[in-house]
Amino acid sequence: MSHFLDRLTFFNKVREPFADGHGVTTAEDRGWEEAYRKRWQHDKVVRSTHGANCTGSCSWKIYVKGGIVTWETQQTDYPRTRPDLPNHEPRGCSRGASYSWYLYSGNRVKYPLARSRLLRLWREARAKLSPVAAWASIVENPTKRAAYTAKRGHGGFVRVGWDEVTELIAAANAYTAKTYGPDRILGFSPIPAMSMVSYAAGSRYLSLLGGVSMSFYDWYCDLPPASPQTWGEQTDVPESADWYNAGFVILWGSNVPQTRTPDAHFYTEARYRGLKSAVICPDYSEASKFGDIWLSVKQGTDSALAMAMGHVILKEYHVDRPVKYFRDYVRQYTDMPMLVRLAKRGGAYVPDRLVRASDFGATLGEANNPEWKTVAYDEKSGGLVVPRGSIGFRWGETGKWNLEAGDSAGRDVALRLSLADVKDDVVDVSFPYFGNVAHEHFVSTAHDSVLKRRVPVKRLGLADGETLVATVHDLFLANYGVDAGLGGPNVAKSFDDDVPYTPAWAEKITGVTRDKIVQVAREFATNAEKTNGRSMVIIGAAMNHWYHADMNYRGVINMLAMCGCVGQSGGGWAHYVGQEKLRPQAGWAPLAFALDWGRPPRQQNSTSAFYAHTDQWRYETVELGDIVSPTAPPGDWSGSIIDYNVRAERMGWLPSAPQLQDNPLGIAAAVDSKAATTNAAAARSDGIARLPGRS
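Keep in mind that what you see is a predicted model, and the values were worked out from it rather than measured.

What to know about the pairing of strand β13 (residues 339–345)
Buried residues dominate β13, accounting for five of its seven residues. Bridge count between β13 and strand β19 (residues 465–471): three bridges; the pairing is antiparallel. For Val340, the partnering residue across the bridge sits in β19 and is Ala470. Sheet topology note: the β13/strand β14 (residues 348–354) ladder contains five bridges and is antiparallel. Directly across from Ala343, in β14, lies its bridge partner Val350. Adjacent in sequence and paired antiparallel, β13 and β14 are bridged by two residues, among which Gly346 carries a positive phi angle near 60 degrees.

Describing the nonpolar core
Counting residues in hydrophobic clusters, the biggest one holds 69 residues, and the most contacted among them are Ile250, Trp252, Leu305, Met309, Phe524 and Cys563. The element contributing the most residues to this core is helix α13 (residues 302–319), with 10 residues. Excluding residues within four positions of it along the chain, Leu305 makes contact with Trp252, Ile280, Leu295, Val297, Thr510, Val512 and Ile517. Grouped together as the second largest cluster of nonpolar side chains are 20 residues, Trp243, Val256, Ala270 and Val279 included.

Points about the sheet that holds strand β5 (residues 68–74)
Across a sheet, paired strands are connected by hydrogen bonds in the backbone, their directions being either parallel or antiparallel. The three strands lie next to each other as β3-β4-β5, forming an open sheet whose pairing is antiparallel. One side of each edge strand has no neighbouring strand; the edge strands of this open sheet are β3 (44–48) and β5. Each neighbouring strand pair of the sheet contributes to a mean axis angle of 30 degrees, computed without reference to strand direction. Bridging between strand β4 (residues 60–65) and β5 involves six bridges; their strand directions are antiparallel. If you follow Tyr63 over to β5, its bridge partner there is Trp71.

Side note on the environment of Thr471
When you line up the elements, Thr471 lands in strand β19. Look at Thr471 and you get buried, because its relative accessible area is 1%. Through-space distance from the C-alpha of Thr471 to that of Met336 is 6.5 Å; in sequence the pair is 135 residues apart. Among the polar contacts made by the side chain of Thr471, one reaches the main-chain carbonyl oxygen of Leu417 at a distance of 2.7 Å.

What to know about helix α12 (residues 264–273)
All of the buried residues along α12 are Ala264, His265, Phe266, Tyr267 and Ala270. Of the surrounding secondary structure, the elements contacted by the buried residues of α12 are β10 (248–252), α11 (256–259) and β11 (276–280). A positive phi of about 120 degrees marks Gly274, the residue just after α12.

Let's talk about the pattern of salt bridges
Applying the stated criterion across every chain yields a total of 29 salt bridges. Residues Glu164 and Arg123 are paired through a salt bridge, measuring 2.8 Å at the closest nitrogen-oxygen approach. Placement of Glu164 in helix α8 (residues 162–179) and of Arg123 in helix α5 (residues 116–126) is noted, with a sequence separation of 41 residues between them. According to the relative accessible area criterion, Glu164 is partly exposed, its value standing at 22%. Salt-bridge contacts for Lys373 lead to Glu397; the nearest nitrogen and oxygen are separated by 2.6 Å. One end of the pair, Lys373, is in the loop between β14 and β15 (376–377); the other, Glu397, is in the loop between β16 (384–385) and β17 (425–432), with 24 residues separating them in the sequence. One exposure class covers both Lys373 and Glu397, and it is buried. Here the residues in one salt-bridge network are Arg341, Arg353, Asp359 and Asp464, joined through shared partners.

Comments concerning the sheet that holds β10
The five strands are arranged β12-β11-β10-β20-β21 in an open sheet whose pairing can be described as parallel. The two strands at the open ends of the sheet, each matched to only one other strand, are β12 (293–295) and β21 (572–575). Each adjacent strand pair in this sheet contributes to an overall mean axis angle of 20 degrees, direction not counted. Direction of pairing for β10 relative to β11: parallel, over a ladder of five bridges. Its bridge partner being in β11, Phe248 is matched across the sheet by Lys276. Contacts from α13 reach β10, β11 and β12 within the one sheet, and its direction differs from that of β10 by about 155 degrees.

Brief notes about the packing of aromatic side chains
Taken as a whole, this structure holds 22 aromatic pairs when the rule is applied. Look at Trp40 and Trp71: their rings are 5.1 Å apart centre to centre, the planes differ by 85 degrees, and that puts the pair in the edge-to-face class. Residue Trp40 is found in the loop between α2 (33–38) and β3, and its partner Trp71 is found in strand β5; the two are separated by 31 residues along the sequence. The class of Trp40 is partly exposed, set by a relative accessible area of 38%. Counting every residue linked through ring pairs, the aromatic cluster contains Tyr317, Tyr325, Phe326, Tyr329 and Tyr333. Of note, Arg159 hangs over the ring of Tyr111, and the distance from its end group to the ring centre comes to 3.7 Å. Its end group placed over the ring of Phe393, Lys373 keeps NZ or CZ at 4.2 Å from the ring centre.

Reading the values: the criteria
- Residues numbered from 1 in each chain as written.
- Predicted model: local features only at pLDDT ≥ 70, side-chain atom pairs only at ≥ 80, totals over all residues.
- Heavy atoms only, no water.
- Buried < 20%, exposed > 50% of the residue type's maximum accessible area, 1.4 Å probe, protein only.
- Helix = DSSP H or I, 4+ residues; strand = E, 2+ residues; numbered from the N terminus.
- Pairing = 2+ DSSP bridges.
- Core = buried A, V, L, I, M, F, W, Y, C linked by side-chain atoms within 4.5 Å.
- Contact = heavy atoms within 4.5 Å.
- Axes fitted to C-alpha atoms, helices over the stretch in contact; angles between N-to-C directions.
- Polar contact = N/O pair within 3.5 Å; in protein donor to acceptor, adjacent residues only side chain to side chain.
- Salt bridge = Lys/Arg side-chain N within 4 Å of Asp/Glu carboxyl O.
- Phe/Tyr/Trp six-rings, centres within 6.5 Å; stacked < 30°, edge-to-face > 60°.
- Lys NZ or Arg CZ within 6 Å of the ring centre and 35° of its normal.

Now the structure itself:
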């Protein structure tokens, strides 16, 4: 009633001005403001995070009203890591702050959906039959099966109850396992870093069932292959806080402010501390404005840029002026001193494989795993030694699988990096070159497919005869086109020579001028020299999502190894995948793969699985001859890519699921009954266990 009277007397109200006439007092109704104020009212505040693929795991205050998330703010109670590092907070981004809108989005699947035609068939069959029999009546009838499979990709989903849909799925799995084998049931989930528990729920179910858990990183090109190729592990890198300890940082294909938002402040704070930074990316990204220098590299040519920088570092810091810290580092922590056999091919030699203790008649005294132990020369004694650290020391011996500067007998050694001072001869070694292939997207150069470069060698008498050997270090220099004093063709006299892989050569391919390439390489190496390896590369997915991703990455890894950066606080590479620190992994793995129930679980690389079982190999346009190295050993290199994937499966180099064309349940039953039936692959007349669908 009072509001009604107020409206009647609206024009008679006394309005008293204030603030020198800039304000006026009114008595009008302000009830409309309640709608605004209620927007920020809440019943409780809970702590949570956002299940996004950034893996930032930021801590947030979630304001809840009536069971509905209303809004969110950042938590600010992170513990301090150490006194000399900035706080982790603030952590969070605008994407996280708006995450609650995603929870209630109309695009989010909040309940089970099934294709209407399949659901109709299921309900009709289920009214008369048990679950497994009902499913069999559908899939074994070509007309019924085609009724719903032909509509895939056309929509037509309807809502289903949880009980009904779980029964349908269970019936389909049971039928498949019984009829074809449990290894015909394959499952895939995105990365466990998003939710370790939800991932484990599915992978444990598959493992208990005997099904196949497919890998999650590789098939969508998120697993950098160069890391396991180089180190045998998947991107174990420092916490982002360690950026603050670096003296020089290259942001290579990583747009830190946008894709590493919660951690970006460590980068900016390090710049205030005196960090120098170079940013390498094709576009003027959010990150590029933070750099002291920006290299606008043509996309996809990062490996050429990395090789040119490596050429500068090797020439100036390893050959012309050997830096003691760098030399000691590569001597102890890399394979550069190891000996490599050379094989004669086409009037020159090509690198074959590492020399092993088992190559010698007496295995150099190594009785345990000599075929897995590498060999080098010792500068102190002048003789051959078996340095600790190779894979052969991992099993069968105690206390020797390390990178201490010693041999297998415990004697101190100084491994020889180059054979130049003790060489028996100098020979031409052939290296493949792929940059001369004309391509519509990349600039090619008019260099030979095989580059012959001079390398110092020693002659060794091995169990299978005399052979020439070189160190990885000398082959490394030759591959980079660095003249180590031996001259010859295809090596550079200066950085301006058009020789692979000089700065002048890289300028034409990458679009980055040679002076910038030389500048960044020198500053990166000089900082590492003065700080004992505190030069870092923050690397991103832009480098990895290319066909030749391993070349991109290994070019960068080589730079870090040359400068003694890997394993140093404030140095090495900070990879976007390696930021995931799975502390509960030791307990999580048995849960996720049912190792507490039975082992081993069936696991399969998804790339091979999808390539083979969705018939992608049928549409492959690349032949093996298109990508084989010009220095490959002679032989028949014809055939398609799938042929070599199958070979790798047969030889045990790749997992294979399903492994056999027979139902493994039938094979197990045959073995249990000791009956040599045709279902048992071991009883085939030709002794070959065949892959499914390939006789």
